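# Structural overview
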Amino acid sequence: MGDAADLKSNWNFPTQVLFGPGRIASLPAGCRSLGMARPLLVTDPGLAALPMIAEALELCRADGLGVALFSEVKGNPTGANVEAGIAAFKAGGHDGVIAFGGGSALDAGKTIAFVARQSRHWSEFEDRGTNWKLADPEAIAPILAVPTTAGTGSETGRVGVILDERDHIKKIVFHPKMLPGLVISDPELTVGLPAKLTAATGMDALAHCLEAYCAPGFQPLCEGIAVEGMRLIKDWLPRAVHEGQDVEARAYMLAAASMGSTAFQKGLGAIHSLSHPVGALYDTHHGLTNAVFMPYVLQFNRTAIEAKMQRLAAWLGLGTPGFPAFLDWVLRFREELGIPHSLAEIGVDDSRTDEIVAMALDDPTAPTNPVPLEAAPVRRLFEDALAGRLA
Ligand SMILES: NC(=O)c1ccc[n+]([C@@H]2O[C@H](COP(=O)([O-])OP(=O)(O)OC[C@H]3O[C@@H](n4cnc5c(N)ncnc54)[C@H](O)[C@@H]3O)[C@@H](O)[C@H]2O)c1
Ligand SMILES: [Fe+2]
């Protein structure tokens, strides 16, 4: 056991990060460093009711910043949330965004800062082809991110995932400048996250590292980050779940979450391709959905990832290194964290299978799955995950 206070440092990669317990005290100075005088703090209603948001607003006000609060952000944030946020940004004459919360609030805040001063609709910047080049980069407002979950890594990522209510598709909005200019990663802000959400968000971080590592393509920087991220999650997520007040465990998980989003610049895969439509149609929690899909997708990809799994299992110290050792570990880990084994247990049914398969094949994460995705096998994969049938 170390001391959480030692886990304090400043990083300049992948962006400027002030990491460690108590770092939230730097919020006003951080806003000023990005040129903000009138930040809009974007969060969700659950967090807005907690003391940490009142305290953050007070810190800013005491420093003379013209801060205001916008908290109309739901889990799996919607286009309507983004549009309401843009209206608040304009009405308040704001000059930057403090995106404060879990992935939902971070994604909404980043998207609001990106799109508020563009002439196009947010959905036109979906991560396809070179859509991002349609944006005026100079018009993107500065973003300071403060994560309160350790999972999505959105604080160190370049996308926002927004549900378009018009076609019920979760759209990945991308621009390189959506990467926040400054991140304050203070693990003390995450200690109040309930155990179930700690487990689900932690599994999202694991899914990011795992899918990034398995994605084809020459990107050894990302692969190195991904495998060490998985080691941290293996060693620290159970403690963060079962002993939520342990700031050291929370700190390692917060670091691992950022490692996941840094690594997935390389690409994601079928866990996310399937989890996006399921989340869009059933409003399930993203990390929890990924956690359910994980062993089925591993099995599906087995032929393409065997050698990589051997190296990974060795790094993680899993008995006889190989694919079976890693799959077994995932199954035991999920059980230890209380993650259900089938989609049926999280409220998904077979009534929308056709839509889910079609949406998964079209998801921007599909092309980087190690085994090319085709309709019939993906349907079987979904049906297996629904029924809890692991071949
Ligand atoms: N941008 C990306 O790269 C990326 C990656 C993966 C997922 N996502 C998206 O992120 C969203 C999921 O984010 P999430 O898993 O962080 O959950 P979330 O942001 O939806 O938050 C879940 C719940 O936890 C509460 N909460 C958050 N922090 C808390 C704290 N410290 N104490 C007490 N309660 C707290 C929130 O109020 C909310 O009710 C999804 O919309 C998903 O699509 C984005
Ligand atoms: Fe994810």
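Not measured: the values here are computed from a predicted model.

What counts and how
Sequence positions are assigned chain by chain, starting from 1 and proceeding in written order. The lettering of chains begins at A and the numbering of ligands begins at 1, in the order of writing. Residues qualify for local features only when their pLDDT is at least 70, as the model is predicted, and side-chain atom pairs are given and counted only at 80 or more; totals for whole chains, interfaces and linings, by contrast, use all residues. Based on all heavy atoms of the structure, the side-chain values leave hydrogens and waters out of the count. Cavity: a set of points on a 1 Å grid over the protein atoms alone where a 1.4 Å probe fits but cannot get out. Pocket: an open set with protein on both sides within 12 Å along at least five of seven lines, its lining residues, like those of a cavity, having an atom within 4 Å of a point. Grid points are joined across faces, edges and corners, and a volume is the space filled by probe spheres set on the points. Helix and strand labels come from DSSP, where a helix needs a run of H or I of at least four residues and a strand needs a run of E of at least two; each type is numbered from the N terminus. Just so you know the grouping, Ala, Val, Leu, Ile, Met, Phe, Trp, Tyr, Cys and Pro go in nonpolar, Asp, Glu, Lys and Arg go in charged, and all remaining residues, Gly too, go in polar. Distances decide who is a donor: an N, O or S atom must be within 2.8 Å of the metal, or within 3.2 Å for Na, K and Ca. Water is not included, so sites may look incomplete. Irregular is the default label, applied whenever a site is not tetrahedral (four donors, all angles between 85 and 135 degrees) and neither square planar nor octahedral (four or six donors, opposite donors over 155 degrees apart, all other angles between 65 and 115). Each residue gets one of three labels from its accessible area relative to the maximum for its type: buried under 20%, exposed over 50%, partly exposed in between, using a 1.4 Å probe on protein chains only. What makes a nonpolar core is a set of buried Ala, Val, Leu, Ile, Met, Phe, Trp, Tyr and Cys residues whose side-chain atoms join them at distances within 4.5 Å. Here the limits of each domain have been adopted from an automatic or database domain assignment. Contacts were defined at the residue level, with two residues in contact if any of their heavy atoms lie within 4.5 Å. UniProt positions are given in the numbering used here, feature names are shortened, and annotations may be inferred rather than shown by experiment. Any residue with a non-hydrogen atom lying within 4 Å of a molecule or strand is treated as near it. Whenever a nitrogen or oxygen atom comes within 3.5 Å of another N or O atom, the pair is scored as a polar contact, on the condition that within protein one atom can donate a hydrogen and the other can accept it, and that pairs from neighbouring residues in sequence are kept only if both atoms are in side chains. All accessibility values rest on the Shrake-Rupley procedure with a 1.4 Å probe; residue burial counts only the protein chains present in the view. In short, DSSP must find at least two bridges between two strands for them to pair. Stacked, tilted and edge-to-face are the three classes applied to pairs of Phe, Tyr and Trp rings, where Trp contributes its six-membered ring and a pair requires centres within 6.5 Å; stacked means planes under 30 degrees apart, edge-to-face means over 60, and tilted covers the rest.

### What to know about empty space enclosed by the protein
If you walk through the whole model with that rule in mind, you get 2 cavities of 30 Å³ or more. Considered as a void within the structure, the largest cavity measures approximately 70 Å³ in volume. In terms of lining, the largest cavity is formed by L210, E211, C214, I271, V297, L298, N301, I305, N369 and P370. Going through the elements one at a time, helix 6 (195–214) and helix 10 (286–315) are the ones with two or more residues in the lining of the largest cavity. For the lining of the largest cavity, the leading source of residues is helix 10, giving 4 residues. Taken together, the residues of the lining of the largest cavity break down into 7 nonpolar, 2 polar and 1 charged. What the second largest cavity holds in volume is close to 50 Å³. Lining the second largest cavity are A150, T190, L193, T198, T201, L237, A240, R250 and M253.

### Structural notes on the coordination of the iron ion (ligand 2)
Bound to the iron ion (ligand 2) are the protein donor atoms D204 (OD), H208 (NE2), H272 (NE2) and H286 (NE2), situated 2.1 to 2.3 Å from the metal. Around the iron ion (ligand 2), the 4 donor atoms sit at angles spanning 83 to 167°, and that spread fits a shape best called irregular. Going along the chain, you hit the donors of the iron ion (ligand 2) in the pattern D-x3-H-x63-H-x13-H. Residue H208 is found in helix 6, and its partner H286 is found in helix 10; the two are separated by 78 residues along the sequence. Each member of the pair, H208 as well as H286, is classed as buried.

### Notes on the nonpolar core
In terms of nonpolar packing, the biggest core is built from 107 residues, with L210, L298, M309 and F326 touching the most fellow members. Ranked by residues supplied to this core, first place goes to helix 10 with 12 residues. Formed jointly, this core draws a minimum of three residues from each of two domains, domain 1 (4–189) and domain 2 (193–387). Other than its neighbours up to four places away in sequence, F326 contacts L210, L298, M309, L312, L316 and L318. In this structure, L27, M52, F100 and L182 belong to the second largest nonpolar core, which totals 21 residues.

### Here's the deal with the UniProt feature "domain: Alcohol dehydrogenase iron-type/glycerol dehydrogenase GldA" (unreviewed entry) in the protein
UniProt marks residues 14–187 with the feature "domain: Alcohol dehydrogenase iron-type/glycerol dehydrogenase GldA" (unreviewed entry), using the numbering shown here. Helix makes up 28% of residues 14–187 and strand 22%, and the two end C-alpha atoms of the span are 18 Å apart.

### So, the site of ligand 1
Close contacts around ligand 1 come from 30 residues, with G103, S104, T148, T149 and K170 the closest. Between ligand 1 and the protein, one listed contact pairs an oxygen atom with a backbone N or O atom of G103 at 2.7 Å. In this structure, an oxygen atom belonging to ligand 1 sits 2.8 Å away from a side-chain N or O atom of K170. Considered on its own, ligand 1 offers 860 Å² of accessible surface; in the complex 89% of this is hidden by protein. Looking at the shell around ligand 1, the elements with two or more residues in it are helix 2 (45–48), helix 5 (103–115), strand 7 (159–164) and helix 6. Here the shell around ligand 1 takes 4 residues from helix 6, the largest share from any one element.

### Details of the environment of L390
Examined against the element boundaries, L390 turns out to sit in the segment after helix 13 (375–387). Taking relative accessible area as the criterion, L390 reaches 27% and is therefore assigned partly exposed. Placed 49 residues apart in sequence, L390 and H341 show a C-alpha to C-alpha distance of 9.5 Å. L390 has contacts with P295, Y296, Q299 and L331, leaving out every residue within four places of it along the chain.

### Brief notes about the pairing of strand 9 (residues 182–185)
Side chains L182 and I184 project from strand 9 onto one buried face, and the interleaved V183 and S185 project onto a second face that is buried too. Pairing analysis gives 4 bridges linking strand 2 (residues 16–19) to strand 9, with the strands arranged parallel. Counterpart to L18 in the pairing with strand 9 is I184.

### Brief notes about the environment of D363
As for its position among the elements, D363 is in the loop between helix 12 (353–362) and helix 13. Of the residues examined, D363 reaches a relative accessible area of 6% and is grouped as buried. With 191 residues separating them along the chain, D363 and I172 place their C-alpha atoms 9.1 Å apart.

### Here's the deal with the packing of aromatic side chains
Summed over all chains, the structure comprises 6 aromatic pairs. An angle of 20° between the planes, with centres 4.7 Å apart, marks the rings of W11 and F19 as stacked. Overall, W11 belongs to the partly exposed group, its relative accessible area being 30%. Residue class for F19 comes out buried when judged on its relative accessible area of 4%.

### Overview of the UniProt feature "domain: Fe-containing alcohol dehydrogenase-like C-terminal" (unreviewed entry) in the protein
Here the UniProt feature "domain: Fe-containing alcohol dehydrogenase-like C-terminal" (unreviewed entry) sits at residues 198–385. Between the first and last C-alpha atoms of residues 198–385 the distance is 22 Å; the span itself is 72% helix and 0% strand.

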